[in-house]
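Chain residues, written in single-letter form:
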Amino acid sequence: MLLALLSILIFPGFLFLFILALAAEYIDRKLYARMQTRVGPPWFQPFADFIKLLSKELIIPELADRVIFRTLPLVACAAAATAFLFIPVYNAESIFSFKGNIVAVIYILTIPTLTYFLGGWYSRSLYSLIGSMRVLTQLFSYEVPLLMAVLAPGVLASSWTFSTVINFYQANGFLFLVNIISFVVAIIAVQGKLEKVPFDIPEAETEIVAGTFTEYTGPLYAYFRLAMNIQTISVSALLAAVFMPFGYNLGFVLGVIVFLLKILFIIVILAVIRTIFARIRMDQMVMLCWKYLTPLALFQIFLNIILKAVITQ
Amino acid sequence: MIKAVQKLITWSRLKSPWIIHFNTGACNACDIEIVAALTPTYDLERFGVQLKGTPRHADVLLCSGPVTRQIKDRLVRIYEQLPEPKFVVAVGTCACSGGVFEGCYNMLSGIDEAIPVNAYIPGCPASPDAIIDGITKLLKSFEESEAKKLTKAGG
Ligand code: SF4
C-alpha cells in the first residue's frame, strides 16, 4: 500500500514526472534557441513560468461554463500523468501492468487532446472555437497513423502488452530495427499530437491569437502547459518502450539512465523538427497524414506479418 | 513561510515577463523596433521574455503610438483583459506624450490619457536597446517595490 502510494506520488509518479516535464520544456526551448544561434532561456525558466502563471489572476469568461472550464486543465494533467504510470521505466514491467496496455496507453493519451478541444469549445470565444475545431481535425488525421505505427512492433511480438513486446525484442537482438519505418511515422504523428511546429495549426498565434487556450489565464493555463509537457514525456516514454526495447534488464540505476537517454533522444529529434520546419496548412496536414503516413504504417504492419511468418517457420 | 512563498512569486514574476504588443496608432516604426527587439539578435528569451498572442497570457502590454480616438476603447478593453498583476509600457515618444501627433484633432496625447502606464521609453523610434533597457528598469522597480512591501509587512 505504502509502496504503491510512493510509486504514484514520487517515483516514477508525479514528482519524477513533474521534474521531467519541466526539464523537457527547458531542453526543447534551449535547443531551439541554440539552433537559432541564440543563448536561450536559463535552466529555471519553465519553473519560473509555472510559478508565475499559478500566482496570476484567474479570469473566467462570462459566457463560459464555469465548472467545465475549471476542471478541464486538471483532467488533462491527470490523464497525461496516468498514461505514464502504465509505461515501463527501468524494467519491462510497468507499475500497473495488464494485458494489452499499449492500446490502453494510446487511448489515455488521447484524453488531453480532447480536453484541449473541449476547453476551447467551452470558452465561447471565437478564436478558441476555431482553434478547437482545428484540434479535432488534427486529432482525426494523426491518430490513425500513430495508432498503427505504435501497434506494428506488437504484431511481430504477437502481443500488445509492454512487457511481452520488450522481452520479445530483448531476446532477439537487433530485430527491433525492422520497425524503423513506423518509428519515423510515429515521430511525425507525435509532433502533431504535441501541437508543435510544423503542426502547431491549432495554436497558430499569427492566425488565431492562441487557439484553444485563448481565454485561459493564470493557473488554468499553467496546468494546460504542464499537461502538454507531461504528454511530451509520456509519449516519448511510449515510443522508447515500443521502438527502442533494449536496456530494460540493467537494474534500477542504469535502467533509469538508459530510459532518460532514450527520452532525451526523442525530445532532441522533436526539437530539431520544430526548428527546421515552418507551419503548414490544415489541409496539407490532413493530406500528409492520410496520403503518406497511413500507407507507410500499413506497409510496416504487412512487413511485420510476413516477417513473423518467416520467423515462426 | 508565507514570506518565502511571496519571495518565490516575486522572483518568478521577475523572471518570466510575457509581453503582448499593441499598436495604438503608431507610424509603425516603433512596432518594427519592438519586433526587432524580439529577433534572435537581441534574444530576449534570455530574460524569459516571450511574445504572446493573447492578452490573457501576457504580463506586460507594450503600446506604441499616441492613442487615436478610434482605438481608445479597444486599448481599454485589452488592458482590462490582462490578468493582474499587469504592467503597461509606452514605447516611443508618441506613446509617451503624443510626439509628432501632439495636438491632432483625432488623437489623445499619450497612452497615459487612456490607461495607467508603468514605464515610458522615449525615442523616435525607440531603439531595441532602449526597449530592453526600459523593461529591465521596469522589472527592477517592481522588485524594489515588492521588497519594500515585504519589509513593511514583516516589521
Ligand atoms: S515615436 Fe516616432 S517612430 Fe515611434 S510611432 Fe511615434 S512617430 Fe513613429
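These numbers come from a predicted model, not from an experiment.

Caption draft 1: Main features of the environment of L54 of chain A. Residue and element names in this part refer to chain A. In this structure, L54 sits in helix α3 (residues 45-54). Using a count of 17 C-beta atoms within 10 Å as the deciding quantity, one classes L54 as partly exposed. For the pair L54 and Y223, spaced 169 residues apart in sequence, the C-alpha to C-alpha distance is 8.5 Å. With near-sequence residues (within four places) excluded, L54 lies in contact with P219 and A222.

Caption draft 2: Structural view of the sheet that holds strand β1 (residues 18-23) of chain B. All names here are of chain B. As summarised here, the arrangement of the five strands in space is β2-β1-β3-β4-β5, forming an open sheet in which the pairing is parallel. Here the strands that pair on one side only, and so sit at the sheet edges, are β2 (50-51) and β5 (119-121). Pairing between strand β3 (residues 60-64) and strand β4 (residues 87-91): five bridges, direction parallel. Looking at the pairing, C63 lines up with A90 of β4. The sheet contacts of helix α2 (residues 29-37) involve β1, β3 and β4, and relative to β3 the element is tilted by about 145°.

Caption draft 3: Quick look at the packing of helix α9 (residues 180-193) of chain A against helix α12 (residues 282-312) of chain A. Residues and elements named next belong to chain A. Between α9 and α12, the shortest axis-to-axis distance is 9 Å and the interhelical angle comes to 150°. Judged by the angle between their axes, α9 and α12 are roughly antiparallel. Classified by chirality, the crossing of α12 by α9 is left-handed. In this structure, α9 contributes I181, S182, V185, I188, A189 and G192 to the contact, and α12 contributes M285, L293, L296, A297, F299 and Q300. Classifying every residue of the contact of α9 with α12 by side-chain character gives nine nonpolar, three polar and no charged.

Caption draft 4: Quick look at the site of the ligand. All names here are of chain B. Taken together, 13 residues lie near the ligand, and A26, C27, G92, C94 and C124 sit nearest. Residue assignment for the shell around the ligand shows that the elements contributing at least two residues are α2 and α4 (93-97). Tallied by class, residues from the shell around the ligand come to eight nonpolar, five polar and no charged.

Caption draft 5: The environment of F18 of chain A, seen in detail. Residue and element names in this part refer to chain A. Structurally, F18 can be placed in helix α2 (residues 14-35). Residue F18 is classed as partly exposed on the basis of its 18 C-beta neighbours within 10 Å. Residues F18 and N101 lie 83 residues apart in sequence; the distance between their C-alpha atoms is 23 Å.

Caption draft 6: Seen up close, helix α4 (residues 66-85) of chain A. All names here are of chain A. Over its 20 residues, α4 extends 30 Å from the first C-alpha to the last, a length consistent with the 28 Å expected when each residue adds 1.5 Å. Where α4 bends most, the angle comes to about 30°, and this point is L72, followed within four residues by the proline P73. Those residues of α4 lying buried are L72, P73, A76, C77, A79, A80, A81, A83, F84 and L85. Tucked inside the fold, the buried residues of α4 contact α1 (2-9), α2, α5 (101-108), α6 (110-123) and α10 (218-243).

The rules behind these values
Within every chain, residues take consecutive numbers counted from 1 along the sequence as written. Chains carry letters from A onward and ligands carry numbers from 1 onward, assigned in written order. Local features are withheld for residues below a pLDDT of 70 in this predicted model, meaning they are given only at 70 or higher, and side-chain atom pairs are given and counted only at 80 or more; totals for whole chains, interfaces and linings count all residues. We count a stretch as a helix when DSSP gives it H or I for four or more residues in a row; a strand needs E for two or more, and each element gets its number in order from the N terminus. Any residue with 12 or fewer other C-beta atoms within 10 Å of its own C-beta is exposed, any with 20 or more is buried, and the rest are partly exposed; the C-beta atoms used are placed from the backbone. A pair of residues counts as a contact when their C-beta atoms, built from backbone coordinates, are within 7 Å of each other. At least two bridges found by DSSP between two strands are what make those strands a pair. The convention used is that axes are lines fitted to C-alpha atoms, helices contributing only their stretch in contact, and that angles between N-to-C directions extend from 0 to 180 degrees. Angular relationships are summarised with four words: roughly parallel below 35 degrees, roughly antiparallel beyond 145, roughly perpendicular across 65 to 115, and oblique for the angles in between. Crossing handedness follows the turn of the near helix against the far one: under a right angle anticlockwise gives a left-handed crossing, and clockwise gives a right-handed one. Side-chain classes follow a simple rule in which Ala, Val, Leu, Ile, Met, Phe, Trp, Tyr, Cys and Pro form the nonpolar group, Asp, Glu, Lys and Arg form the charged group, and the remainder, Gly included, forms the polar group. A molecule or strand has a residue near it when that residue's C-beta atom, placed from backbone coordinates, lies within 6 Å of it. One fewer than the residue count of a helix, multiplied by 1.5 Å, yields its expected span. Two axes are fitted around each residue, one to the seven residues ending there and one to the seven starting there, and the angle between them is reported as the bend at that residue.

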